[in-house]
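Chain by chain, the residues:
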Amino acid sequence: MNQRMYALGSRRSVIREIFEFGKQRAQEVGKENVFDFSLGNPSVNPPCIVADTLAELVREEDQTALHGYTSAQGDLSVRRAIADYIRTAHGAEADPDFIYMTCGAAASLTITLSALCNEGDEVITFAPYFTEYKVFTETAGASLVALDSDPDTFQIDFDLLEKAVCEKTAAVLVNSPNNPSGVVYGEETVKRLAKLLEEKSVQFGKTIYLITDEPYRELVYGGVKVPYLTNYYPHTIVCYSYSKSLSLPGERIGYIFVNPAAKDAKSLYLAVCGAGRALGYVCAPSLFQKLIARCQGVTSDVSVYERNRDTLAGALRGYGFRCVQPDGAFYLFVKSPEPDAYAFCERAKKYNLLLVPGDDFGCKGYVRIAYCVSHEMIERSLPAFEKLAKEYSL
Ligand code: PLP
């Protein structure tokens, strides 16, 4: 048996543990008295166009083709629709022959990392980061180097990045809007990152690629802009997913877009096809490929998340908790009032508040609160947060 796989399978993630605890607690005290902020599952319905298009597809399309295999990289008409959208929405060069349909961002990342990395390579990312990055990177034979972000803003600490990039660096992996901090990298940050990667690529005589993990691209508030990274750094690979933008996480649909202007783009795209094949993906779900082709530019109602953010962040700050204002995604990353975030989460459980320690995101002393829940639950949970704050005399 493969011991690494055994270890991965037998160790339940902290988030899953909390979720299971919540179910048990709900039986004891009633569902309405448990405030589960553990999971990043969208709480907003998919836009109506999703159900309408599904019905249309099932009614009108040739059923054998609709549910049949597509080509491994995805149906050409679907890839064309995505390339058109990238061109018009982001003003970026795009080509269907550089798009590869996937089963969501997790698949986009595992395939991209396998396509890019060789044994001994390093992939740099910034803490806090999505917990699975380490697993995905190590599965690709590389190691993840997680750099602390600026503690006041959770933006990139460029001094640390400057020192960390070396001849082993295959790629830098960014996630903006970020899970778990909600932070968005603005244009200045992106320009600085591009400049640094260009200089380091010259210094080490190799191309350092930029991987951008973008399941939350459209989930931004107050008109915040998320720069499209291929417009700033040519050697960019976009890992996109519709899990959050269309509230379809269980349907497993997304894509990889290799920027045609990237160094060795054609070969890299072929390596992406090879990695998808080696990992046994065959093709992305056929029905949902066709669905998303007709839903380009559509997003679930993000005003619901924005309202949740405003209510929760406002109330928690009022009680004395500290957190960076999230401009996107649907998480608050709150400073734990005691150094041990696990201990804080245990205390929160007394009030049936289920929070996730930041340690798993590579950031000790913080907790993640996923506010993709009903607004009523947020309102009902506030007295519990207030009592918790009082325990710490905040
Ligand atoms: N990347 C980040 C930052 C995420 O938060 C998630 C899911 O929560 C994923 C990737 C995986 O997304 P998907 O469901 O599209 O595989």
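The shown structure was predicted, so the numbers you read here are calculated from the model rather than taken from an experiment.

Conventions and cut-offs
- Residues numbered from 1 in each chain as written.
- Predicted model: local features only at pLDDT ≥ 70, side-chain atom pairs only at ≥ 80, totals over all residues.
- Heavy atoms only, no water.
- Core = buried A, V, L, I, M, F, W, Y, C linked by side-chain atoms within 4.5 Å.
- Buried < 20%, exposed > 50% of the residue type's maximum accessible area, 1.4 Å probe, protein only.
- Contact = heavy atoms within 4.5 Å.
- Phe/Tyr/Trp six-rings, centres within 6.5 Å; stacked < 30°, edge-to-face > 60°.
- Helix = DSSP H or I, 4+ residues; strand = E, 2+ residues; numbered from the N terminus.
- Pairing = 2+ DSSP bridges.
- Axes fitted to C-alpha atoms, helices over the stretch in contact; angles between N-to-C directions.
- Expected span 1.5 Å × (residues − 1).
- Parallel < 35°, antiparallel > 145°, perpendicular 65-115°, else oblique.
- Left-handed = near helix turned anticlockwise from the far one by under 90°.
- Nonpolar A, V, L, I, M, F, W, Y, C, P; charged D, E, K, R; others polar.
- Salt bridge = Lys/Arg side-chain N within 4 Å of Asp/Glu carboxyl O.
- Near = heavy atom within 4 Å.
- Polar contact = N/O pair within 3.5 Å; in protein donor to acceptor, adjacent residues only side chain to side chain.
- Areas by Shrake-Rupley, 256 points an atom, 1.4 Å probe, with all protein chains shown as cover.
- Arc of directions from axis to C-beta.

Visitor: Explain the nonpolar core here, please?
Guide: Note that soluble globular proteins tend to have their nonpolar side chains buried in a common cluster. Counting 57 residues, the largest nonpolar core has Ile82, Ile86, Met101, Tyr255, Phe257, Val258 and Ile292 as its most contacted members. The residues contacting Ile82, other than those within four sequence positions of it, are Ile99, Met101, Tyr242, Tyr255, Ile292 and Gln296. Core analysis: the next-biggest nonpolar cluster, separate from the first, contains 41 residues, Phe37, Tyr319, Cys345 and Cys372 among them.

Visitor: Got a minute to help me understand the packing of aromatic side chains in this structure?
Guide: When we look at a pair of aromatic rings, we describe it by the centre distance and by the angle of the planes. Tallied over the full model, the rule gives 17 aromatic pairs. With a centroid separation of 6.0 Å and an interplanar angle of 50°, the aromatic rings of Phe98 and Tyr269 are classed as tilted. Of this pair, Phe98 sits in the loop between helix H5 (76–90) and strand S2 (99–102) while Tyr269 sits in helix H10 (residues 265–278), placing them 171 residues apart in sequence. Summarising the burial analysis for this pair, Phe98 and Tyr269 share the class buried. A centroid spacing of 5.6 Å and a plane angle of 65° characterise the contact between Phe344 and Tyr392, whose relative ring orientation is edge-to-face.

Visitor: Sorry if this is basic, but what is going on with the sheet that holds strand S11 (residues 356–357) here?
Guide: In a beta sheet, neighbouring strands pair by backbone hydrogen bonds and run either parallel or antiparallel. Read across the open sheet, the 3 strands follow the order S9-S12-S11; overall the sheet is antiparallel. The outermost strands of the open sheet, each flanked by one partner alone, are strand S9 (331–335) and S11. Two elements, S9 and strand S12 (residues 366–370), share 5 bridges in a ladder whose sense is antiparallel. Within the sheet, the bridge partner assigned to Leu332 lies in S12 and is Ile369. Here helix H12 (residues 303–319) sits on the sheet in contact with S9 and S12, set at roughly 10° to S9.

Visitor: Which parts of the structure should I look at to understand the sheet that holds strand S4 (residues 143–148)?
Guide: The strand order across the open sheet built from 7 strands is S2-S8-S7-S6-S5-S3-S4, with neighbouring strands paired in mixed fashion. Each edge of the open sheet is held by one strand with a lone partner, namely S2 and S4. Going from strand to strand, the sheet's axes swing by 20° on average, the running direction of each strand aside. Across 5 bridges, strand S7 (residues 236–241) lies against strand S8 (residues 254–258) in antiparallel orientation. Directly across from Cys239, in S8, lies its bridge partner Ile256. Docked against the sheet, helix H7 (residues 132–139) engages strand S3 (122–127), S4, strand S5 (169–174) and strand S6 (209–213), running at close to 145° with respect to S4.

Visitor: Help me out: how do you make sense of helix H6 (residues 104–116) in this one?
Guide: Because each turn of an α-helix spans 3.6 residues, side chains separated by three or four positions end up pointing in the same direction. Helix length check: H6, at 13 residues, gives a terminal C-alpha distance of 18 Å against a target of 18 Å (1.5 Å per residue), a fit within 8%. In terms of residue burial, H6 counts as a mostly covered element, since 11 of its 13 residues are buried. Within the span of H6, buried status applies to Gly104, Ala105, Ala107, Ser108, Leu109, Thr110, Ile111, Thr112, Leu113, Ala115 and Leu116.

Visitor: Any chance you could explain the packing of H12 against helix H14 (residues 375–391) here in plain terms?
Guide: For any two helices packed against each other, the geometry comes down to the angle between their axes and how far apart the axes lie. The geometry of H12 relative to H14 is characterised by a closest axis approach of 10 Å and an angle of 15° between their N-to-C directions. One way to sum up the angle between H12 and H14 is to call them roughly parallel. H14 is crossed by H12, and the crossing has right-handed handedness. Here Arg307, Asn308, Thr311, Leu312, Ala315, Leu316 and Tyr319 of H12 come into contact with H14, specifically with His375, Ile378, Leu382, Phe385, Glu386 and Ala389. Split by residue class, the contact of H12 with H14 holds 8 nonpolar, 3 polar and 2 charged.

Visitor: I'm lost on the pattern of salt bridges in this one. Help?
Guide: It is possible for side chains bearing opposite charge to pair when their charged atoms get close. Tallied over the entire structure, the rule returns 21 salt bridges. Where Arg25 meets Glu28, a salt bridge forms, and the shortest distance between an N and an O atom there is 2.6 Å. Of this pair, Arg25 and Glu28 both sit in helix H2 (residues 14–29), 3 residues apart, roughly one helical turn. In this structure, the salt-bridge partner of Glu122 is Lys168, at a minimum N-O distance of 3.8 Å. Placement of Glu122 in strand S3 and of Lys168 in the loop between helix H8 (158–164) and S5 is noted, with a sequence separation of 46 residues between them. Take Glu122: its relative accessible area is 15%, and that puts it in the buried class. Residues participating in the shared-partner salt-bridge network are Glu338, Arg347, Lys350 and Glu391.

Visitor: Just checking my understanding: could you explain the packing of H6 against H10 for this structure?
Guide: As a packed pair, H6 and H10 sit with axes 8 Å apart at the nearest point and diverge in direction by 120°. The orientation of H6 with respect to H10, classified from their angle, is oblique. The two elements H6 and H10 meet at a crossing, and its hand is right-handed. Listed contacts from H10 to Ile111, Ser114, Ala115 and Leu116 of H6 are Leu268, Ala271, Val272, Ala275 and Gly276. Among the residues making up the contact of H6 with H10, the classes are represented as 7 nonpolar, 2 polar and no charged.

Visitor: Help me out: how do you make sense of the site of the ligand in this one?
Guide: Neighbouring the ligand are 14 residues; Asn179, Asp213, Tyr216, Ser241 and Arg252 lie closest to it. Between an oxygen atom of the ligand and a main-chain N or O atom of Ala105, the distance comes to 2.8 Å. Contacts to the ligand include Arg252, whose side-chain N or O atom sits 2.7 Å from an oxygen atom. Taking 400 Å² as the accessible area of the ligand by itself, protein coverage stands at 91%. A per-element tally of the shell around the ligand places H6 first, with 3 residues.

Visitor: Please explain H5 as it appears in this structure.
Guide: The end-to-end C-alpha distance of H5 is 21 Å, a good match for the 21 Å that 15 residues give at a rise of 1.5 Å each. When we look at burial in H5, the residues that qualify are Val78, Arg79, Ile82, Ala83 and Ile86. For H5, the angular spread of buried residues about the axis comes to 135°, placing them on one side.

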